[in-house]
Every structure is written in structure tokens, then in C-alpha cells.
Amino acid sequence: MAARLFPIVKFVIKGGLAGAAVYVAYDQGLLGSGTQGAEALKKAQAALPPAIQEWTSYIGWELPPTPKFDFSPSDSWNKGVQTVMSALSVAPTRACEYTVEGWKYVKDLVK
């Protein structure tokens with residue numbers, strides 16, 4: 001009986017953890033717009049170092065200070081999207097150019 005019940009309990013626990021992770025992500029604004037995600041990242045960057053410092057002092061470890069950098073995921077995302085869209089917009093033209101070059105090369109080989 002216990003052998004049959006164990007997989008069910010394991011599945012329920014995993015499902016509960018996955019559901020809780022999705023709920024926390026939604027509650028913190030990570031599943032919203034890009035500005036909501038950037039705000040959630042700023043909140044995490046502000047809250048995480050004091051918490052880590054508290055735990056390391058509790059355990060007795062000494063960690064080096066965290067590096068400070070100015071990085072905007074939304075700007076990087078937008079740059080990536082713009083690059084991909086730019087490449088996709090010129091793809092048909094490039095394909096035609098490469099096809100013409102390929103035909104010329106094949107014709108020169110056949111001569």
C-alpha cells in the first residue's frame with residue numbers, strides 16, 4: 001500500500017512546489033510587463049545583499065562584497081529583438097543575392 005502511495009505523494013509535492021513557484025513569480029510581477037519585471041529585479045537587488053550579509057554573519061562566513069554594475073535586462077532584450085527583426089527583414093533580399101551568386105558560380109563551373 002505504501003509503495004503505491006509514495007509516487008502519488010511525490011507527484012503532489014512536486015506539483016505544489018511548482019504551483020508555489022509560479023504564484024510567487026506572478027505575485028512579484030515577474031510574469032507581467034517588462035517594466036514590472038525590471039521593478040521586481042530592482043527590488044531583489046535591494047533586498048538580497050542585506051539578507052545574504054545576515055546569513056553569512058549568522059553562519060560565520062565572510063564573503064567578498066558584491067560587484068556593482070548597471071545592467072538593464074529590458075534594454076538588452078530590446079537590443080536582441082531589434083537585431084533579430086533586422087536580420088529577418090533583410091533575409092529575403094540576402095537570400096536572393098546569395099542565390100544569384102550561387103547560380104553565377106555554378107554557371108562558371110559548367111563552362
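Note that the coordinates shown come from a computational prediction; the quantities given were computed from them, not determined experimentally.

### Brief notes about the overall build of the chain
Thought 1: Looking only at helices and strands, the chain has three helices and zero strands in total.
Thought 2: Along the chain, from the amino end to the carboxyl end, the secondary structure elements read α-α-α.
Thought 3: Over its C-alpha atoms the chain spans a radius of gyration of 27 Å, topping by over 25% the 13 Å that the globule rule assigns to 111 residues.
Thought 4: Dimensions along the principal axes, computed over C-alpha positions, put the chain at roughly 80 × 50 × 30 Å.
Thought 5: In the chain, which comprises 111 residues, the share counted as buried stands at 4%.
Thought 6: Working note: accessible area of the chain is about 10,200 Å², and carbon and sulfur atoms make up 68% of it.
Thought 7: In the chain, 11 positive and 9 negative side-chain charges are present, and the distance between their average locations comes to 11 Å.

### Quick notes on the confidence of the model for the chain
Thought 1: Chain-level statistics for the chain give a pLDDT mean of 83 and a share of 92% at 70 or above.
Thought 2: The weakest mean pLDDT in the chain belongs to helix α2 (residues 34-59) at 80; the strongest belongs to helix α1 (residues 2-27) at 90.

### Regarding the packing of aromatic side chains
Thought 1: Under the counting rule described, the total for this entry stands at one aromatic pair.
Thought 2: Between Trp55 and Tyr58 the ring centres are 5.8 Å apart and the planes differ by 85°, which places this aromatic pair in the edge-to-face class. Of this pair, Trp55 and Tyr58 both sit in helix α2, three residues apart, roughly one helical turn.

Rules behind the numbers
- For every chain, the first residue of its written sequence is number 1, and the numbers climb from 1 along that sequence.
- With the structure being a predicted model, the display of local features is reserved for residues of pLDDT at least 70 and the display and counting of side-chain atom pairs for 80 or more, all residues being used for whole-chain, interface and lining totals.
- Side-chain calculation: all heavy atoms of the structure are included, whereas hydrogens and water are not.
- In DSSP terms, a helix is any run of H or I states spanning at least four residues, a strand is any run of E spanning at least two, and both are numbered starting from the N terminus.
- Our radius of gyration is a C-alpha quantity, and the globule rule it is checked against amounts to 2.2 Å times the number of residues to the power 0.38.
- Accessible area is worked out with a 1.4 Å probe on protein chains only. A residue is then buried under 20% of its type maximum, exposed over 50%, and partly exposed in between.
- Areas reported here follow the Shrake-Rupley algorithm with a probe of radius 1.4 Å; residue values treat only the protein chains shown as occluding.
- Here the positive residues are Lys and Arg and the negative ones are Asp and Glu; neither His nor the chain ends is included.
- Charge positions are represented by NZ for Lys, CZ for Arg, CG for Asp and CD for Glu.
- What pLDDT expresses is the predictor's confidence in each residue, scored from 0 to 100.
- In this scheme Phe, Tyr and Trp rings, the latter by its six-membered ring, pair at centre separations within 6.5 Å, and the angle between planes marks the pair as stacked below 30 degrees, edge-to-face above 60, and tilted otherwise.

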